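Secondary and tertiary structure notes
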Amino acid sequence: MHTLYVIYHGLETNAFFAWITAYGPTSGGLELFHYFSMFIVVGSSFYIDLRLLGLAAKDQTLKQLAERAFPAIWIAMIFNFLSGFTMFAGSATGYLINGWFYFKMVATVVCLLSVWIIQRNIANWDLPKIPISGKVMAIISMVLWIGTILIGVEVPAITGVG
Ligand code: HEM
């Protein structure tokens, strides 16, 4: 725990992280980056999920949609991570013993795992009748994303850090 504190304290007192999270316009910019990258990640993921359920983009094959949506998901996720990490760094010691924050991190990893599983199975599921396993994964993916957004909103609301 002590080592972790030293690392977190080092991040928080780093001149760059301290400045970018304390100065209004840049701090607001980080929030915007975090939200908009999240919209792209979750929106593109939902688009694929709805296609698997036969509720959207029926004029495109699953493979065509996947070729457009997956790069958007992973590129936007890089921005989501970078903006989230920067906000975290600015208040790092506040997250040291913050179960909700770690819960959100685990939930994010589980969401990305579900995206990865779907991406790996696109070729198998790209049939005129989408197999039931694809539909079940689509529902799991949507539930996981909604849960993670709710946890994300609750982190500052419950813990007061943010
Ligand atoms: C990739 C790693 C991520 C890190 C390190 C991270 C970290 C953070 C931090 C430090 C904040 C600002 C403080 C706070 O409001 O809690 C924040 C805000 C937020 N994050 Fe993330 N985040 C990540 C990914 C995500 C994901 C994947 C989602 C949703 C799918 C998400 C949803 C949110 C929301 C909704 C807020 C705004 C909370 C509010 O102010 O009400 N984050 N994030």
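In the block above lies the structure referred to throughout.
The rules behind each value
- Residues numbered from 1 in each chain as written.
- Predicted model: local features only at pLDDT ≥ 70, side-chain atom pairs only at ≥ 80, totals over all residues.
- Helix = DSSP H or I, 4+ residues; strand = E, 2+ residues; numbered from the N terminus.
- Expected span 1.5 Å × (residues − 1).
- Bend = angle between axes of the 7 residues up to and from the residue.
- Buried ≥ 20, exposed ≤ 12 C-beta atoms within 10 Å, placed from the backbone.
- Contact = placed C-beta atoms within 7 Å.

**Things to note about unusual backbone geometry**
A positive phi angle, near 50°, is found at A57, a position not held by glycine. Its location among the elements puts A57 in the loop between α3 (24-52) and α4 (62-90).

**Quick word on α4**
The terminal C-alpha atoms of α4, which comprises 29 residues, lie 41 Å apart, in line with the 42 Å expected from a rise of 1.5 Å per residue. The sharpest bend along α4 reaches about 25° and sits at R68, with the proline P71 one to four residues further on. Of all the residues in α4, the buried ones are L62, L65, A66, A69, I73, A76, M77, N80, S83, M87, F88 and G90. Looking at the buried residues of α4, the elements they touch are α1 (2-13), α2 (15-22), α3 and α5 (99-125).

**Looking at the environment of L32**
Along the chain, L32 turns up in helix α3. Among the residues examined, L32 registers 11 C-beta atoms within 10 Å and is labelled exposed. In sequence terms L32 and N80 are 48 residues apart; their C-alpha atoms lie 10.0 Å from each other.

**What to know about α5**
Residues separated by three or four positions in an α-helix point in the same direction, a consequence of the helix having 3.6 residues per turn. For α5, built from 27 residues, the straight-helix expectation of 39 Å at 1.5 Å per residue is met to within 8% by its first-to-last C-alpha distance of 37 Å. Of all the bends in α5, the greatest, near 30°, is centred on Q119. Listed in full, the buried residues belonging to α5 are F101, K104, T108, C111, V115, I118 and W125. If you follow the buried residues of α5, they end up packed against α3, α4 and α6 (132-159).

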